Every structure is written in C-alpha cells, then in structure tokens.
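An overview of the molecular structure
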Amino acid sequence: MSSATIFGAVAKFFNERFPVEKLNFQSMVQQKTVPVHRMSWGYYMGGLTLFFLMIQVGTGLLLLFYYEPTVNDANLSVEYIMNHVSVGAVVRNMHAWSSSFMIFFALVHLISAFAMKAFTKPREITWIAGVLLLFITFALGFTGYLLPWNQIAVNATKVGLQALDATGAYLPGVLSRVPHIVRETFQGEATVGQVTLTRFYALHVVILPLALAVLLFVHLVLVQLHGMSQGIDREAKKRELFFPFFFVKDLSVWAAVFFVVFFLSLCVPFDCFLPFPLLDPYNALGATPPDIKPEWYFYFLYYPLELLPFWAVLLGTSTVVVVLFLTPWLFRKSSRRTLRYLALAASAYLAAMTLFGQQIYELVKR
Amino acid sequence: MWLVLKMIAFAAARSGVLCVIAWLSFVTPAGSYPQYQTFVEKHSGRTVNCSMCHVNDNGPVGDGGGQIGSLSAAEMTRLNQARAAMQPGQNVDSPILNKFGNQIIKKLGRANFLQTVSDPGQLGIALGDRDDLDGDGIPDSREFLDGTDPLNKFHGDPWLMLKNNMLRYKVHLLLAAVSIGLAVYGLKEIYSGFVLAKAEVERDGLNEKDQAENACQHGKKEENP
C-alpha cells in the first residue's frame, strides 16, 4: 500500500468524523433534531453530566478562595470553610454531592450510549472522547479526595498509589517501571506528604480541568456536528428540534436537579456517611485507622481487589479499558438488543458492588 | 427510730460505696473504658475511637496531647477535681476529656457514670435527650448510641440529619423550591411559546404554499382558457 493511499484513507476517516462542512449555524443549531422514542431519556444524561460539571466548577472556584493546600493548614482551612465562612458548608457539600452525581450520570451516560449503540460510524471519536472524559472525572474524584487532608483522605490515597505501583510487577520489561515512575511523579516524595498534596492540588484544579475542557470541547462539537444518534432500531416516528425545544426541556431538568443538590447539601452533610474518626486531621505518626475505603464510585474496583488476587483484578480492569476504547469496532455489528443486555449486566455489577459490596465481601470471607 | 437508723445505715453504706469507687478510680488507669467503644461499634455498626469523649484519639493513657503523661501541674489539679466529682451537677473541666466527656461527668457524676461501665448502653439512657452540644438537633445520647460525633454539627445519622435540617431550613428550602418552581414554570411557558410560534410558521408556510399553488393553477387557466 503506497503512502498516498494510506494518507488518503486517514484523510477520509477524519473527513467523515469531522464533517467541517457542517460547521455552521444552520446545521449545528437550526437543523439539529432529537429523536423522540422510549429511550429518549438517554439524551438527557450527557447534559446532566455537563450541568454537574458546571456546579463543580462554580463551587470549586468558591472553595479556592479559602482552601490552603498545605499539610498544616489544609484540614484547618476546610474546617474554617465549614464553620466560619458564610454558606461555606453548603458550598462544600454541593461540591461533594455534585461530584458524586457527576460521576453517577457520566456512568449512566456511557452505559445508555452503549445500549443505544451511539458509538457507531461516524461517532467513534465522540465515544473515545467520552471514555477519556469519564477517566478524567474519576481522576478528579481521586485527586480531590486527598485535599481535605484528613485520615481517610491520606490513607485512601496511599492505598490507591500503592495499588498503582503494584501493577508494575505484572508488566513486561521496561513497562514494569512505568507505574512506579507514575507513582513517584504524583507522590513526589518518600510518602504522601506536602509535595503530594501540592501535586494533587495542581492536578485537581488546573491540569485535569484543562484536559477535561479540551476533550469536552471536542466531544460537544462532534455531538453537534453529527447530531443525536438514532438510539433505537427503527427510525423514530417523531423528531424535535434541539434548539429551542429540547434545550428548554434540558434546562427544566437542570433546574429540578439543582434543587435536589441544594436540598441534599443543606440537609445531609456529605461527611455523615463516614465514621467520625476518619474525619480527624491526618496524623503522620498515628496508626492507620480501620475502615479506610475509597469513595463509593471506586467500590466496583475496591471490593474485587479485597476479594480476588491482584492479577485477576488487573487483568479484568485492563480488559474492560481496552474493550471500552475499542467498542466502536468490537460491537459494530452487535444488535441493540445484545448491547442492552450487556449494558444491563454492567449496571447490575456496578450496582451490586456499590450497594452490597461490603455484604458480599463479608459473605465470601466467612 | 428504726427508720432514722435505717437511713443512717443506708447513707453510710452509700458513702462507703462512693469512697470505694473514688479510691478505685484514683488507683486504676484513668478513663480506660474500651467497653464503651466496643458497645457503640456493635450497636451502631460504625467505627469509633476514644475521641468521642477524650481529647486524644488513643485515650487518656500516654504522653501525647491530652494524655495523662503530658499534663502540667495545673492540669493535674483540674484532672483530680474532675475525678472527685462523684455527684451530678458539678462543673468539671478535665484536661483529658473533650466537651462531651466533661458533659457526661457533669450530668451524671462520676459515681453514676462508673455504674454504667458494666452496661454501657445505660449511658445513652442516663444522658437523657435534652443535651445537644453541637446543636445539630440530634441529642448527645442518640449520637453516642449512633456512633456519630456529638461535637460536630455536620456529623450525625443521615436520616436524622435530613429530618432535623428539613425543619431547621424549611424557609430556605421553601424559597428555593418556589424560585426553582417559578423558573421551571417560566421555561414551560417559553416552550409553549416556541410550540405556538412553530405552528404559526408552519401554518403561514402552508398558506403561502396554497396561495402559490392557487396562483399557479389560476395562471394555467388563464394561459389555457
């Protein structure tokens, strides 16, 4: 195959995925339609994830005014925000609740897009950008967890970084050094300390949000260029214009959801769900307290790690990651019915591990 | 006469018991009562540690902050005063106890407190449900039983927090609900407006099309009379 042919194939691939001729107001705004059918709820999921991101950015910027990223002052500054800053507690709780909602809806968005077969040609790059966005969202959750610098924050981060390091033993040759280098880069010193906090802070408030903004831009532009996917096997009997009809409905859902977040932030402080000794400031000289767990959205990985050999979990996770990236090609010919069953199985697994992980763990260990 | 003698004998016996308890409390390591931690963890299913009642997470024994080994002379005096507070209602300011720990001794007295050591669940009952040191709306006794922090107003049983805060912030919630309700209503009206506008545009379009077709047919008739 000549280089001209390869170049031509690549150019054709990108031309189809980035139809620049549609980069105009008429195509992206005036003519964009949304199919109306029984799976239409799936079209709201991406917008909801975006809305929670907006809450995250807003509340995060407010928290930046008072938060001090030093090991001596981080916990004190969080305590100050909670107890002395006007509406500080509500803002911090909104940040915490909204982060959980954002991850939840990002997962629902991914699973529903999979079930609706929204990844097929020409939407492969939209899908891959979405998967990367999900990973960045998880990374934001992981890095943000350390910032309050309390017992659970530091100890859970240590466990997470150790798990990352341990993957090196299962990689061949030079690759085996990579996880250790990554851990050293993020940790920055012999143990989790000031340098780690500074780097996690930089990752959480600058690097990851920038990466997320770039990928989100690509994702949203592609969604506008290609329009909403069909979602079901038959052509939808009805379609409605995205602007203004669907957009106004989207805004109504956002408003209702905002009330839910506000209600929860005001009435149920997020810290309620943790044992109080884990909320104490981190003591470098103290013993590791019991019950150290990651946030609920990592339970799907945490409980298998507790129950199964590390290599098995690593193999499973790596397979899932590869499958996620190759989904547009692996499931190109699968029927929507098959995809729905797979999506249901994945949802059942995630729900079981998140809600009943502890009981399953106790049952198996007994 | 018998009654007076009985009362004297009872008072003497009670004082004797109190003296023995007081003596025991001085010679035994102060405040090492893991029974409470065990009970609360079993009762609530939550992990707790000594910092529920003590200044130090690891309890009163040791050389760390808030532990007996690190106390100054003045603090030792305060500790001994607290140890001597056998009756309820005495102000105590023990340097090894936090606000909740001191409140327990003040409320019950040391004698009554020590009687609950063998049955820690009784402490929750003895504390009653009037005190709420952190002001989160959940009584301290309930926080003790639930294994939540009685000194942190953002920590408590989630359901109770929800119930109490809904009542506490009912005006805020109502205002938020009304404003968001109005916003949703406004969006609904905007949506209806767009639907009407679209229908009008389509109708106009149809009318124009009809007129154009009529004009066309009329023209054809004129051409071919």
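Being a predicted model, the structure only gives us computed values, none of them experimental.

A few words on the environment of Trp 97 of chain A. Residues and elements named next belong to chain A. When you line up the elements, Trp 97 lands in helix α5 (residues 88-115). On the basis of relative accessibility, which here comes to 13%, the residue Trp 97 falls in the buried class. Sequence separation between Trp 97 and Ser 265 is 168 residues, and the spatial gap between their C-alpha atoms is 6.9 Å. Each residue touching Trp 97, except ones within four places of it in the same chain, is listed here: Leu 264, Ser 265, Val 268, Phe 270 and Phe 273.

Residue and element names in this part refer to chain B. Taken as a whole and judged by the stated rule, the model has one cavity of 30 Å³ or more. The computed volume of the largest cavity comes to approximately 40 Å³. Around the largest cavity, the lining residues are Phe 100, Gln 103, Lys 107, Leu 127, Gly 128, Asp 131, Asp 140 and Ser 141. Of all the secondary structure elements, the ones that give two or more residues to the lining of the largest cavity are α4 (99-115) and α6 (140-146). Per-element tally for the lining of the largest cavity: the top contributor is α4, with three residues. When the residues that make up the lining of the largest cavity are grouped by side-chain class, the tally is two nonpolar, three polar and three charged.

The interface is formed by 31 residues belonging to chain A together with 32 residues belonging to chain B. Buried surface at the junction of chain A and chain B, both sides included, amounts to about 2,700 Å², of which 76% is carbon and sulfur. Considering only the surface of chain A that becomes buried against chain B, Phe 245, Cys 272 and Phe 276 of chain A emerge as the three largest contributors, covering 25% of it. Our enumeration of links across chain A and chain B arrives at zero salt bridges.

Residue and element names in this part refer to chain A. Taken together, the side chains of Val 57, Leu 61, Leu 62, Leu 64, Phe 65, Tyr 66 and Tyr 80 present a nonpolar region at the surface, about 700 Å² in accessible area. Here the nonpolar patch takes four residues from helix α3 (residues 42-64), the largest share from any one element. Tracing the backbone through its elements, the reader meets Val 57 in helix α3.

Here the focus is the environment of Lys 121 of chain A. Residues and elements named next belong to chain A. Its place among the elements puts Lys 121 in the loop between α5 and α6 (124-146). The class of Lys 121 is exposed, set by a relative accessible area of 53%. Those residues in contact with Lys 121, other than ones at most four positions away along the chain, are Glu 16 and Arg 17. Of the polar contacts made by the side chain of Lys 121, one reaches the side chain of Glu 16; its length is 3.4 Å.

Summarising the element assignment, Asn 102 of chain B is placed in helix α4. With near-sequence residues (within four places) excluded, Asn 102 of chain B lies in contact with Val 92, Asp 93, Ser 94 and Leu 97 of chain B.

So, about the environment of Ser 77 of chain A. Residue and element names in this part refer to chain A. Of note, Ser 77 is situated in helix α4 (residues 74-83). Judged by relative accessible area, Ser 77 falls into the buried class, the value being 6%. On a C-alpha basis, the gap between Ser 77 and Tyr 66 in space is 6.5 Å, while along the polypeptide they are eleven residues apart.

Outside of glycine, negative phi angles account for most residues, and trans bonds account for most peptide bonds. Residues and elements named next belong to chain A. A cis amide bond links Lys 121 to the next residue, Pro 122, at an omega of 10 degrees. Inspection of the secondary structure puts Pro 122 in the loop between α5 and α6. Here the amide bond leading from Phe 243 into Pro 244 is cis, since omega sits at 5 degrees, within 30 degrees of zero. Structurally, Pro 244 can be placed in helix α10 (residues 242-267). Even without being a glycine, Val 87 presents a positive backbone phi close to 50 degrees. Positionally, Val 87 belongs in the loop between α4 and α5. The backbone of Lys 117 shows a phi angle near 55 degrees, a positive value even though the residue is not glycine. Looking at where Lys 117 falls in the secondary structure, it is placed in the loop between α5 and α6.

The rules behind the values
- Residues numbered from 1 in each chain as written.
- Chains lettered and ligands numbered in written order.
- Predicted model: local features only at pLDDT ≥ 70, side-chain atom pairs only at ≥ 80, totals over all residues.
- Heavy atoms only, no water.
- Helix = DSSP H or I, 4+ residues; strand = E, 2+ residues; numbered from the N terminus.
- Buried < 20%, exposed > 50% of the residue type's maximum accessible area, 1.4 Å probe, protein only.
- Contact = heavy atoms within 4.5 Å.
- 1 Å grid on protein atoms, 1.4 Å probe; cavity = no way out; pocket = protein on both sides within 12 Å on 5 of 7 lines; lining within 4 Å.
- Points joined across faces, edges and corners; volume = space filled by probe spheres on them.
- Nonpolar A, V, L, I, M, F, W, Y, C, P; charged D, E, K, R; others polar.
- Buried area = accessible area lost by both parts, 1.4 Å probe.
- Salt bridge = Lys/Arg side-chain N within 4 Å of Asp/Glu carboxyl O.
- Patch = residues over 30% accessible without salt bridge, like charges linked within 9 Å, V, L, I, M, F, W, Y side chains within 5 Å.
- Areas by Shrake-Rupley, 256 points an atom, 1.4 Å probe, with all protein chains shown as cover.
- Polar contact = N/O pair within 3.5 Å; in protein donor to acceptor, adjacent residues only side chain to side chain.

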